[in-house]
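Each chain, letter by letter, is given below.
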Amino acid sequence: MAIVDVTVIPVGTQTPSVSAYVADIQKVLMNYEEKGQIRFQLTPMNTIIEGELPTLFEVIQAMHEVPFEKGLVRVCTNIRIDDRRDITRKMEDKVERVVNQLENK
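For clarity, every value in this text was computed on a predicted model and none was experimentally measured. (Residues numbered from 1 in each chain as written. Predicted model: local features only at pLDDT ≥ 70, side-chain atom pairs only at ≥ 80, totals over all residues. Heavy atoms only, no water.)

### A closer look at unusual backbone geometry
Cis rather than trans, the peptide bond between N78 and I79 has omega equal to 25°. Note on placement: I79 falls in the loop between β4 (74–78) and β5 (81–84). (Helix = DSSP H or I, 4+ residues; strand = E, 2+ residues; numbered from the N terminus.)

### Some details on the pattern of salt bridges
Scanning the entire structure with this criterion turns up three salt bridges. In this structure, E50 engages R39 in a salt bridge whose closest nitrogen and oxygen atoms are separated by 3.0 Å. Of this pair, E50 sits in strand β3 (residues 47–51) while R39 is found in strand β2 (residues 38–42), placing the two residues eleven residues apart along the sequence. Residue classification places E50 among the partly exposed residues on the basis of a relative accessible area of 25%. Among the charged side chains, a salt-bridge network with shared partners connects D24, K27 and K70. (Salt bridge = Lys/Arg side-chain N within 4 Å of Asp/Glu carboxyl O. Buried < 20%, exposed > 50% of the residue type's maximum accessible area, 1.4 Å probe, protein only.)

### What to know about the side chain of T47
With respect to the secondary-structure elements, T47 resides in strand β3. We classify T47 as buried; its relative accessible area is 5%. There is a polar contact of 3.3 Å between the side chain of T47 and the side chain of Q26. Residues contacting T47, with those up to four places away along its chain left out, are V4, D5, V6, Q26, L29, F40, Q41, L42 and M63. (Polar contact = N/O pair within 3.5 Å; in protein donor to acceptor, adjacent residues only side chain to side chain. Contact = heavy atoms within 4.5 Å.)

Below is the structure:
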């Protein structure tokens, strides 16, 4: 058994509220729980999931896909996944961009 703390962050939403995305993600979790594959708990800032690690990775991927299914093109998920599908970048590119911002101030 493992426990994971997952936060899915939809980026580029029409409003600051993300509750509709959270509700759709909870439906995915309920489906896995009804099958007896996981247990989960929603908190104000994240979701905690308990289960076998291979199943948890499957669940996390399913959670991560929900905002894409709703039409967004970028989603950040902690367990440190930054999945930006509109451009290709390396980790070093992201750090370099911040460094450039600091140098230009």
